[in-house]
Amino acid sequence: MTPRRRARHAGTASCPACTAESSPPVPHLRWLRGLFARLDPIPAGQWQRIRASVPWVERLDSDRDDRLRALTAEFLHGKTITPVGGLILDPDQRCTLAALCCLPLLEFGAEGLHGWSQLIVYPDAFRVQRDHVDAAGVLHLDDAELSGEAWDAGPLILSWADVCADIADAESGCCVAVHEMAHKLDMLDGAIDGTPPLPREWQRAWARDFQSAYDAFVTQVDAGRETAIDPYAAEATDEFFAVCSEYHFSAPALLKREMPVVASHLERFYGRSPFASG
């Protein structure tokens, strides 16, 4: 999920638009057809407009650009994009959303799109209510304003205003689409723990290194120290992975300086950041 930190989180929330996720599985049938039918490529003119307007896409080399274009076409073919709250999205805006969601899949591949069928897009940040019981057994109700959220086996939800803000300031360390897609990747192995599906030996090293970096970061945040990385990353291990993923794509030099081991894992997992120097 992405609290508005604009803000960041992953989890479940109640949202009328999300009922479409449990409706007759037409999107899933469309996805299955896509496995056996050749997808129509995104028209060259449209893709050039996306490249010109989305800084991460503009900076990709030709090979990764081709991969992203193919992944974006697969996303548009297999997912239902549902604007709500009076929002209207034109074809280029839909393509932009799909391309941003596919950025984290450049190395992982289309398998990262499995397990869900709908992208819900609000005009701006949206409010959700959560309840939890503390250690003393007291029920608490929390009201949060989010710019994004990922449901386990359900939709991915984004704020269009925050997506646009990310594009306008692409090196700020923020990219809500990447954040929520990181959660989707994390969910693929059935455990929301900040470790996506990986080969066994790499998974062990990842879990060890991320836990060590997370523990050190939490210590800094709990001590009230100012951190270069958004303190929301201290919320939980899954949020740590998602926030660091944003920095990989939007501020890789800062991430490498602050957390070199984490940055190394993420570069191996996602590939070279479009904003990496040298």
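Before reading on, note that the structure itself is shown above.
Scoring rules and cut-offs
Residues numbered from 1 in each chain as written. Predicted model: local features only at pLDDT ≥ 70, side-chain atom pairs only at ≥ 80, totals over all residues. Heavy atoms only, no water. Phe/Tyr/Trp six-rings, centres within 6.5 Å; stacked < 30°, edge-to-face > 60°. Helix = DSSP H or I, 4+ residues; strand = E, 2+ residues; numbered from the N terminus. Buried < 20%, exposed > 50% of the residue type's maximum accessible area, 1.4 Å probe, protein only. Lys NZ or Arg CZ within 6 Å of the ring centre and 35° of its normal. Salt bridge = Lys/Arg side-chain N within 4 Å of Asp/Glu carboxyl O. Core = buried A, V, L, I, M, F, W, Y, C linked by side-chain atoms within 4.5 Å. Contact = heavy atoms within 4.5 Å. Expected span 1.5 Å × (residues − 1). Polar contact = N/O pair within 3.5 Å; in protein donor to acceptor, adjacent residues only side chain to side chain.

A. Spotlight on the packing of aromatic side chains. Counting across every chain of the model gives 16 aromatic pairs. Where F241 meets F269, the ring centres are 6.4 Å apart and the plane angle is 65°; that geometry is what we call edge-to-face. Pair noted here: F241 is in helix α9 (residues 237–250) and F269 is in helix α11 (residues 260–270), with a separation of 28 residues, a long-range link. Judged by relative accessible area, F269 falls into the buried class, the value being 4%. Residues F269 and Y270 carry aromatic rings whose centres are separated by 4.9 Å and whose planes lie at 65° to one another, so their mutual orientation is edge-to-face. Accessibility classification places F269 together with Y270 in one group, the buried group. In this structure an aromatic cluster arises from ring pairing among F108, W202, W206, F210, Y214, F217, F240, F241, F249, F269 and Y270. The ring centre of W116 lies 4.0 Å from the NZ or CZ of K79, which sits over that ring. The side chain of R268 reaches across the aromatic face of W202, ending 3.8 Å from its centre.

B. Structural context of the pattern of salt bridges. Counted by the stated rule, this structure contains 9 salt bridges. Where R208 meets D209, a salt bridge forms, and the shortest distance between an N and an O atom there is 3.1 Å. Among the charged side chains, a network of salt bridges with common partners joins D63, R64, R67 and E107.

C. Quick peek at unusual backbone geometry. Phi angles above zero are rare outside glycine, and A153 is one such case at about 60°. Mapped onto the elements of the fold, A153 is located in the loop between β5 (139–150) and β6 (156–159).

D. Structural view of the nonpolar core. Residues W56, F75, L97, L119, L158, F240 and L266 are the most contacted members of the largest nonpolar core, which totals 70 residues. The residues contacting W56, other than those within four sequence positions of it, are L100, L103, D166, I167, A170, C174, C175, F249, S250, P274 and F275. Counting 8 residues, the second largest nonpolar core, distinct from the first, contains F126, V128, L146 and I157.

E. Inspection of helix α4 (residues 62–78) at higher detail. Along its 17 residues, α4 runs 24 Å from first to last C-alpha, staying within 8% of the 24 Å computed at 1.5 Å per residue. All buried positions along α4 are accounted for by R64, D65, L68, L71, T72, A73, F75 and G78. At the N-terminal boundary of α4, the capping side chain belongs to D61, with an oxygen 3.2 Å from the backbone nitrogen of D63.

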